[in-house]
Amino acid sequence: MTLPPPAPADADAGHRVLLPIAGPARTLAALRAMVLRHPLLTAGSAVTLLLAAALSLVTAPLLGRVVDLAATGAAAGRITGPVLLLAGSAIGQGALAFAGLQLISRLGELVLAAIRDEFVEHALHLPLERIEQGGAGDLTSRITEDVAMISQAVRGAFPEFVQSALIITLTLVGLTALDWRFGAAALLAVPVQAVTARWYVRRSAPLYADRRVAAGAEQQQLLDTIGGAQTVRAFGLRDEHLGHVADRVDRSIDLLYRVVRLQTRFFGRLNLAEVVGLTAVLATGFLLVDAGTASIGAASAAALYFANLFGPINTVLFLLDTLQSAHASLARLVGVTDLPAEQRPQHSTVPADGAVKASGLRYAYLPGHPVLHDIDLDIPAGSTVALVGASGGGKTTLAKLLAGVHEPAGGSIHVGGVPLAELDAETLRRAVVLVSQEVHVFAGPLAEDLRLAAAGATDEDLDRALRTVGARDWVAALPDGPQTVVGAGGHELTVVQAQQLALARVLLADPLVAILDEATADAGSSGARVLEAATTRVLRGRTGIVVAHRLTQASAADLVFVIDDGRIVESGPHADLVAAGGGYARLWAAWSAGRADHA
Amino acid sequence: MNVDGGTLLRRSMLAHRGRIVASAALYTGHQAGEALVPVLIGVVIDRAVRTGDPAALGLWLAVLAATFVMLSLSWRFGTRVGTVGGARADRSLRLAVTATALDRRESTLLPGALVSIATGDARRTAMVNFQAPHGVAAVFGVAVASTALLVMSVPLGLLILLGTPPMLYVVKLLSAPLERRSADQQEQAAQAAGVAADLVQGIRVIKGIGAEHAAAARYRSISRASLIATLHTARAEAGYNGSVIVVNGLFLAVVALVGGRLAAAGDITVGQLVSAVGLAQFLLGPLGTFGEIIAAIAGGRASAARIAGVTGDRASSPTADPPAVLGRLRLRGTGGPGVRGVDLDVAAGELIGVVAEPVAAGTLLRILGRESDPTHGTVTVDDIDAEDLAPPAWRSVVLASPHDADLFDGSVEANIRAGRPGDITAAVAAAQVEQVAAVLPDGLATAVTGRGRSLSGGQRQRVALARALHADPAVLVLHDPTTAVDAVTEAAIAAGLRAARTGRTTVVLTTSPALLAAADRVVFLAGGVVAAEGSHADLLRTRPAYRELVLS
């Protein structure tokens, strides 16, 4: 369950720097390196599959032998010999295929898992700034769509491709062994196939990509329309929305027709290659038998050889585009794993307390468009401060800088006397934790979600944290209590419940400084009150920096910073600011207007 | 009108019967051609290769080429016609499910489940239109091959015809445990990909609490378990493929043995032996198709039943012209979840605030928006009973906008204009959308995506409010329209709302003091009934329960 947070208004679409994509050479090199991590498996699968394919070649000559024996009117008993060999070779082929396919699937799965593992590990350690430049959707689509594409290729296409390719190669060898002229005749089909394959792959890859996009758009439109059904009804938009859905469906269908036209023309051309090759092989058989250089059995064997090639050839050519798409997907994954990871010092001093001091902080999402100008803050350890101001003013950006998630363009931040930039990863997170506007419940048991914040937390720790944020009762009421599977595909939590979990994670992480930038918009007013009460309990005993949406939060804070247009325009205790009669006082007057008894 | 899955499937097929029949006829041509190829190879060997007759070679190669042209073109156009028949059926099912989802209130299914019915189940049902012609053609293919075999030799023909089904049955038995296993294991294998995607989606949360290592460790353990499950599946799959090779090969050996003996004895020709071997391989195709088609029809029927479950009790939505009303709203003993019985009169043009517990507020919003009917009591507007008006006609008079109202893809401006065309300036000003436009990259032309999730909560609420104000209904019902905006903006919205709704009836379900202070009158619900009425200031003074609910 993820509600993407609002993109910072000034760093929005149109200026996206998508994550990089590796070049073809680099992609292949990365793949080769991963395959070569398993040299024995690679060699073993290559050898067994080669043997299986080689053994399959004896079928046609053995049938040819049966034909020859029958043609010469040999005793019926003599046929048993080649037939027993046929049966034996079938068993041998099956056994070798079993071994070879298993080995090659194993290799494929190991490489696939390595690709995925490396990507996830790397993505988790990328600087958040770099991810946000490309839009988090770019990273998500790589881990979902691209990994799915590669899995499909590794599981479905690759073993079949290798098997078929081996059979084709070896059949050509077998034909040539019967008589080199059979091999030459079969090769007549190759130009037609080569041209067809080129023609097909050039057209299919963009068409399939369009189809995936269209399917995604259709799915999205259905979710929008059906998910927003109440709004659609309220505003009488039924017919308009049905029209939108119909348009998306029509787009998908149009692309389906184009795919089918392409595929049917593709197989039509391959039929041409089949007829050319088969005619050539039969004619060659005719000439060779006529000239007495080949037996009828050999001619029959050659025809059977070639007819058995139809399937594998079609398979290989048809799978070319799956492999091509998988290669493109792999390039997108390798592009990310080649990015430099977040740099943090290895060791650092531990901050003495939760005092936060910032001076001269500056930040810009885009060069030349600063969103924060020379921010100075001095927050005593253990106090709670509120950041107040209109949306788009820079509160969220400041929260990210103070949490060390973004790196300031200028100025410095100290926590407990130690520069934030000099803290190692572990110390940093024990010092400062940020709850961002994003609401995400991790798929899996609820307890596992909480343990992300503190791996060693006991059940009692979890229970205490849940009680503190006011979540214990509803968690206990879940079907399996804290072991209930929540998040995507599991028990769905409300926005308020999800935010209570986020607060519980802070308690478990137990940092010196907690920075809270929660979105209460979706919580409704009663939900917001529940969360405010939980927040107060979570901040007890630590420094709290709260991006305040409701002024009750600000009035309860020790210090208030009013931020407007990237600058701190007012700061001080609530009462002082109200007395000063500035912008905050006006804000407070508006907030409390309806609250006074004599409004 | 209750329709079961079978009926729905039949109707979906009958609607496209012309294409199904045409496609079946074309596929039949293809199957017949495929069956003829091995026969012709045998004929070439008998008539040309053995005799050395070049004229016969030319003739039979020409026949072979003609067969290829026929089978290739039949397949091409059969596939195209069949695809259209399937796609058209798919389209109408998708739209029917969507229309039902839009027409029917109080769906018990979640949007995700409905979308999956509109896509997956519609596709599986429509797929039957595409698959059925294959089944017809497979019957013909088997018939052609059988005839050819029996003409050549009755014993060999019977061997192949009677031997193939048990062989396919053995293969099916071999694959059954694989299918059973792979369902669980695919799920486990998919888990690694799912967890990976989930962690990446929550990356900001992970970074915020510094859980990079914990997340990576969690992922690794799941990835390992997935890998083990996948390797088991891969092993089972390899075993299955290997067994199929063995079974096919042994069957071929038996055919060669019997055919070879018959040929050696002179009962059949050498060419016929070659044809028989080829036909034995060919028959695996169409006979295997039967199993797939039976599975496709069973799947299609189950999917059709799910679709029928959604669309079957589809309420016909009578279209009635919306009445012209002044906007006098009256509730008498109206009740529902959390609401015991509310009596309420709102004069035309009045702006009232209603303070209620969250459940009661939600119920009132749904009743006033005709999303659900009251369990008892009545709702009227200008003395017209809600029950006498179809929901769409009612909604064109009474607009109830929920606090989490969805926005749709399109520009901010297009969203505001959704309810009514025309100049949106006044609504934009009243709902303080100018501030929103000022910080968006393209102002009012900025694209909204992901049901409005590309905007912040406060921005989204203001755009949704502007849309409701611009729709300018006779009666407007709003629910918590300002929970995500700052205090100054909220005060401005309260003033803007008053001005924009002058002379029009407005009901605001809220606990926001700023909005309540702007109302002509506030109605306070407690325990599901009207507990007090008066101005916001009066209620604050006289009603501690009201005070607590509004000011906490």
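What you see is a predicted model, and the numbers here were worked out from it, not measured in a lab.

Enquirer: Teacher, can you tell me more about the overall build of chain A here?
Expert: Broken down by element type, chain A carries 22 helices and 14 strands. In summary, chain A has a C-alpha radius of gyration of 34 Å against a globular reference of 25 Å for 599 residues, an excess of more than 25%. Each of the three principal axes of chain A carries a C-alpha extent, and together these read 115 × 60 × 50 Å. Burial statistics for chain A: of 599 residues in total, 49% are counted as buried. Within chain A, contacts between residues separated by at least 24 positions form 78% of all contacts whose residues are at least 6 apart in sequence.

Enquirer: Honestly, the overall build of chain B in this entry has me stumped. Any pointers?
Expert: In terms of regular secondary structure, chain B is built from 18 helices and 12 strands. Taking 552 residues into account, the globule formula puts the C-alpha radius of gyration at 24 Å, and chain B, at 35 Å, lies well above it. Residues classed as buried in chain B amount to 54% of the 552 residues present. Of the contacts made within chain B by residues no fewer than 6 positions apart, 78% connect residues no fewer than 24 positions apart.

Enquirer: For this particular structure, what's the right way to read the environment of Gly311(A)?
Expert: Residue position: Gly311(A) is located in helix α12 (residues 310-337). A C-alpha to C-alpha distance of 19 Å links Gly311(A) and Leu282(A), two positions 29 residues apart in sequence.

Enquirer: What should I look at first to understand the confidence of the model for chain B in this one?
Expert: Fine structural detail should not be taken from predicted coordinates in areas where pLDDT scores are low. Looking at chain B as a whole, its pLDDT mean stands at 87, while 95% of the residues score no less than 70. For this predicted complex, the interface confidence comes out at an ipTM of 0.85, alongside a pTM of 0.78.

Enquirer: Help me out: how do you make sense of the environment of Val538(A) in this one?
Expert: All names here are of chain A. When you line up the elements, valine 538 lands in helix α19 (residues 524-539). On the basis of neighbour counts, which here come to 24 C-beta atoms within 10 Å, the residue valine 538 falls in the buried class. Sequence spacing of valine 538 and alanine 54 is 484 residues, and the spatial spacing of their C-alpha atoms is 70 Å. For valine 538, the residues in contact, after removing those within four places along its chain, are Thr468, Val469, Leu503, Val506, Leu507 and Ala514.

Enquirer: I would appreciate a short explanation of the interface of chain B and chain A in the present structure.
Expert: It is common to report an interface's size as the accessible area lost on association of the parts. Facing 138 residues of chain B, the contacting portion of chain A comprises 146 residues. Broken down by element, the residue count for the side of chain B that touches chain A peaks at 31 residues, all from helix α7 (residues 212-264) of chain B. In the side of chain B that touches chain A, the residues fall into 78 nonpolar, 36 polar and 24 charged.

Enquirer: Would you mind showing me how to read the pairing of strand β4 (residues 376-381) of chain B here?
Expert: Regular strands place their side chains on alternate faces of the sheet. All names here are of chain B. Where strand β1 (residues 329-336) lies against β4, 5 bridges are found, and the strand directions are antiparallel. Bridge pairing in β4 places glycine 335 opposite histidine 376. Two elements, β4 and strand β5 (residues 384-385), share 2 bridges in a ladder whose sense is antiparallel. Paired with valine 381 across the two strands is isoleucine 384, which belongs to β5. Two successive antiparallel strands, β4 and β5, enclose a turn made up of 2 residues, where aspartate 382 displays a positive phi of approximately 50 degrees.

Enquirer: Looking at this structure, I do not really get helix α1 (residues 5-14) of chain B. What am I missing?
Expert: Count 3.6 residues to each turn of an α-helix, and residues three or four apart come out pointing the same way. Residues and elements named next belong to chain B. Those residues of α1 lying buried are Gly5, Leu8, Leu9 and Ser12. The arc that holds the buried residues of α1, viewed along the axis, is 100 degrees, so those residues lie on one side. Exposed and oriented more than 90 degrees from the buried face of α1 are Gly6 and Leu14. Those residues of α1 that are buried are in contact with α3 (54-103), α4 (111-152) and α8 (270-311).

Enquirer: Sorry if this is basic, but what is going on with the sheet that holds β5(B) here?
Expert: Pairing between sheet strands relies on hydrogen bonds along the backbone, with the strands arranged either parallel or antiparallel. One open sheet accounts for 4 strands, arranged β2-β1-β4-β5 (chain B); its pairing is antiparallel. Of all the strands in the sheet, the pair left with one neighbour each is β2 (339-346) and β5 of chain B.

Enquirer: Help me understand the pairing of strand β6 (residues 398-401) of chain B, please; the structure alone is not making it clear to me.
Expert: All names here are of chain B. Alternating positions in β6 separate into two faces, Val398 and Ala400 on one and Leu399 and Ser401 on the other, with burial throughout. Relative to strand β9 (residues 475-479), β6 runs parallel, the two being bridged by 4 bridges. When the bridges of β9 are listed, valine 398 appears paired with valine 475.

Enquirer: Would you take a moment to explain the sheet that holds strand β10 (residues 505-509) of chain B for this structure?
Expert: All names here are of chain B. Strand order in this open sheet of 6 strands is β6-β9-β10-β3-β11-β12, and the pairing throughout is mixed. Strands at the two margins of the open sheet, each flanked by one partner only, are β6 and β12 (529-534). Across the sheet, the mean angle from the axis of one strand to that of its neighbour is 20 degrees, orientation sign disregarded. When strand β3 (residues 351-355) meets strand β11 (residues 521-526), the two strands line up parallel, connected through 4 bridges. Bridge pairing in β11 places glycine 353 opposite valine 522. On the sheet, helix α9 (residues 358-368) packs against β3, β6, β9, β10 and β11 and is oriented at approximately 150 degrees with respect to β9.

Enquirer: It is not clear to me how the nonpolar core should be interpreted in this structure. Could you clarify?
Expert: As a rule of thumb, soluble globular proteins bury nonpolar side chains together. Formed by 360 residues in total, the largest nonpolar core has its most connected members in Ala302(A), Leu402(A) and Val44(B). With 19 residues, helix α4 (residues 80-124) of chain A is the largest single contributor of residues to this core.

Enquirer: Before we go on, may I ask you to explain the environment of Arg47(B) in this structure?
Expert: All names here are of chain B. With respect to the helices and strands, the residue arginine 47 is situated in helix α2 (residues 17-49). Along the backbone, arginine 47 and glycine 271 are 224 residues apart, and their C-alpha atoms lie at a distance of 8.4 Å. Beyond its immediate sequence surroundings of up to four residues, arginine 47 is in contact with Asp53, Ala56 and Trp60.

Enquirer: Is there a simple way to explain the packing of helix α3 (residues 59-71) of chain A against helix α11 (residues 296-307) of chain A in this structure?
Expert: Two packed helices can be described by the angle between their axes and the distance between those axes. Residue and element names in this part refer to chain A. Relative orientation of the contacting elements α3 and α11 amounts to 145 degrees, with a least axis distance of 7 Å. When you trace α3 past α11, the crossing you get is right-handed. Contacts from Ala60, Pro61, Leu63, Gly64, Arg65, Val67, Asp68 and Ala71 in α3 reach Ile296, Gly297, Ala298, Ser300, Ala301, Leu304 and Tyr305 in α11.

Enquirer: Would you mind showing me how to read unusual backbone geometry here?
Expert: One non-glycine residue, Asp510(A), adopts positive backbone phi at about 50 degrees. Inspection of the secondary structure puts Asp510(A) in the loop between α18 (495-509) and β11 (513-516). We classify Asp510(A) as partly exposed; it has 16 C-beta atoms within 10 Å. Not every positive phi belongs to a glycine, and Arg370(B) is a case in point at roughly 55 degrees. Of note, Arg370(B) is situated in the loop between α9 and β4.

Enquirer: Explain helix α15 (residues 487-500) of chain B here, please?
Expert: Residue and element names in this part refer to chain B. The end-to-end C-alpha separation of α15 is 20 Å, in line with the 20 Å expected for 14 residues at 1.5 Å each. The buried count for α15 comes to 11 of 14 residues, which makes it a mostly enclosed element. Within α15 the residues assigned to the buried category are Ala487, Val488, Thr489, Glu490, Ala491, Ala492, Ile493, Ala494, Gly496, Leu497 and Ala500.

Enquirer: Got a minute to help me understand the packing of α3(A) against α7(B) in this structure?
Expert: Contact pair α3(A) / α7(B): the axes reach a minimum separation of 8 Å and the direction vectors enclose 20 degrees. Judged on the interaxial angle alone, α7(B) and α3(A) are roughly parallel. The two elements α3(A) and α7(B) meet at a crossing, and its hand is right-handed. Where α3(A) approaches α7(B), its residues Leu63(A), Val66(A), Leu69(A) and Ala70(A) are matched on the opposing element by Ala256(B), Gly260(B), Ala263(B) and Ala264(B). Across the contact of α3(A) with α7(B), the residue classes break down as 7 nonpolar, 1 polar and no charged.

Enquirer: Even after reading the chapter, I still don't get the confidence of the model for chain A, so can you show me in this structure?
Expert: All names here are of chain A. Considering every residue of chain A, the mean pLDDT works out to 86; 94% of them sit at 70 or more. Mean pLDDT across the elements of chain A bottoms out in strand β1 (residues 2-3) (38) and peaks in helix α16 (residues 459-468) (95). Across residues 1-15, where pLDDT falls below 50, the model places 41 contacts with residues more than four positions away in sequence or in other chains.

What counts and how
- Residues numbered from 1 in each chain as written.
- Chains lettered and ligands numbered in written order.
- Predicted model: local features only at pLDDT ≥ 70, side-chain atom pairs only at ≥ 80, totals over all residues.
- Helix = DSSP H or I, 4+ residues; strand = E, 2+ residues; numbered from the N terminus.
- Rg over C-alpha atoms; globule rule 2.2 N^0.38 Å.
- Buried ≥ 20, exposed ≤ 12 C-beta atoms within 10 Å, placed from the backbone.
- Contact = placed C-beta atoms within 7 Å.
- pLDDT = per-residue confidence, 0-100.
- Nonpolar A, V, L, I, M, F, W, Y, C, P; charged D, E, K, R; others polar.
- Pairing = 2+ DSSP bridges.
- Arc of directions from axis to C-beta.
- Axes fitted to C-alpha atoms, helices over the stretch in contact; angles between N-to-C directions.
- Core = buried A, V, L, I, M, F, W, Y, C linked by C-beta atoms within 7 Å.
- Left-handed = near helix turned anticlockwise from the far one by under 90°.
- Expected span 1.5 Å × (residues − 1).
- Parallel < 35°, antiparallel > 145°, perpendicular 65-115°, else oblique.

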